[in-house]
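Residue-level structure breakdown
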Amino acid sequence: MLTCKQFLSELNDYLDDTLDPQTRSELTRHVNECPNCWVVCNTTEKTLKVFKGMEAKAVPPDIEHRLMAALEKRIADRGPICGQKKAEA
Amino acid sequence: MSAFSDLVTHYDRRIFRMAKQITQNDDDAEDVLQETFLKAYSHLDDFQGNSKFYTWLVRIAVNEALMKLRKRRSDKTVPLDEPIDTGEDEVVREIAVWDENPEQQYSREELGALLDEAIQSLKPAYRTVFILRDIEEMSIEETADLLKLSISAVKSRLLRARLQLREKLTRLFKRKGDDAFAYL
Ligand SMILES: [Zn+2]
């Protein structure tokens, strides 16, 4: 039987499902028999789910505005990418 | 410009969020945002199309953000890239099951703020790995490549980051009344 420490050290690969079948089944056996590791595994999985579900908020309008202004300036300085090469030809 | 500005408005919120998470500074994040899209525009010709456009943008943004971070930390004695191993980072203290759908106890804004706070509490070396791997969903190999770390360093930092975040979220989300159950 694995120790809890061994289980913990393999937790990421277990959650990311990148283990060979034998190691995986040893870990599954441990997690089914050890309440502590079951809780840690379950709550780590939920932690990742919560973070992955987090949506990015819109960029604040003033920052968005300055970004667009900087881009427009760069484009005006250099000309559009496709147009520039034509002009050189 | 219009096709490119569509790309900007499509991706800028994610780039800005990542820049803020890494630099933890609004001004730096804005600089990173601008530099990223200016560079992307200037180097559109170099974009080979063999990786996803967003992955390409993230690579530019991460490098910009790390440069900012190094600049700001250059006067401090703690090196950015090497976490100090206290041997306590993997300790699991909170062992408690969570409420069913704990996220629903909070408004989207509140939850966002709590998650941001949790990420910010991580050491930079762990935080960046977590952001790239678990939020931007890069592979372990891409994360290692981008941060110039070994695969095993990425893996051990990721484990610590995940466990530390689990610890923090458990304090927020654990089922009420479960303390009596503590297995420790
Ligand atoms: Zn165990």
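Read on for a plain summary of the structure. (Residues numbered from 1 in each chain as written. Chains lettered and ligands numbered in written order. Predicted model: local features only at pLDDT ≥ 70, side-chain atom pairs only at ≥ 80, totals over all residues. Heavy atoms only, no water.)

1. Section: the coordination of the zinc ion
Octahedral metals with six donors have ideal donor angles of 90 or 180 degrees. Tetrahedral metals with four donors have an ideal donor angle of 109.5 degrees. Residues and elements named next belong to chain A. Each protein donor to the zinc ion is listed here as C4 (SG), H30 (NE2), C34 (SG) and C37 (SG); together their distances run 2.0 to 2.3 Å. Taken together, the 4 donor atoms coordinating the zinc ion span angles of 99 to 118° at the metal, a pattern that classifies the geometry as tetrahedral. Read in sequence order, the donor residues for the zinc ion give the motif C-x25-H-x3-C-x2-C. The burial state of C34 is the same as that of C37; both residues are buried. (Donors = N, O, S within 2.8 Å, 3.2 Å for Na, K, Ca; no water. Tetrahedral: all angles 85-135°; square planar, octahedral: opposite > 155°, others 65-115°. Buried < 20%, exposed > 50% of the residue type's maximum accessible area, 1.4 Å probe, protein only.)

2. Some points on helix 4 (residues 35–52) of chain A
Here helix 4 of chain A spans 26 Å end to end across 18 residues, near enough to the 26 Å set by a 1.5 Å rise per residue. Of all the residues in helix 4 of chain A, the buried ones are C37, V39, V40, C41, N42, T43, T44, T47, L48, V50 and F51 of chain A. Among the structural elements, helix 1 (4–9), helix 2 (11–15) and helix 3 (21–33) of chain A together with helix 4 (108–120), helix 5 (124–135) and helix 7 (151–173) of chain B are those in contact with the buried residues of helix 4 of chain A. (Helix = DSSP H or I, 4+ residues; strand = E, 2+ residues; numbered from the N terminus. Expected span 1.5 Å × (residues − 1). Contact = heavy atoms within 4.5 Å.)

3. Topic: unusual backbone geometry
All names here are of chain B. Even without being a glycine, Q24 presents a positive backbone phi close to 55°. Here Q24 falls in the partly exposed class, since its relative accessible area comes to 29%. Despite not being glycine, E137 shows a phi value in the positive range, around 60°. Following the sequence through the fold, E137 ends up in the loop between helix 5 and helix 6 (140–147).

4. A few points about the pattern of salt bridges
In this structure the tally under the stated criterion is 22 salt bridges over all chains. In this structure, the salt-bridge partner of R108 of chain B is E55 of chain A, at a minimum N-O distance of 3.0 Å. Of this pair, R108 of chain B sits in helix 4 while E55 of chain A sits in the loop between helix 4 and helix 5 (61–78), each in a different chain. The closest approach of N and O atoms between R162 of chain B and D134 of chain B, which form a salt bridge, is 2.8 Å. With R162 of chain B in helix 7 and D134 of chain B in helix 5, this pair connects stretches of sequence that are 28 residues apart. With a relative accessible area of 2%, D134 of chain B lands in the buried category. (Salt bridge = Lys/Arg side-chain N within 4 Å of Asp/Glu carboxyl O.)

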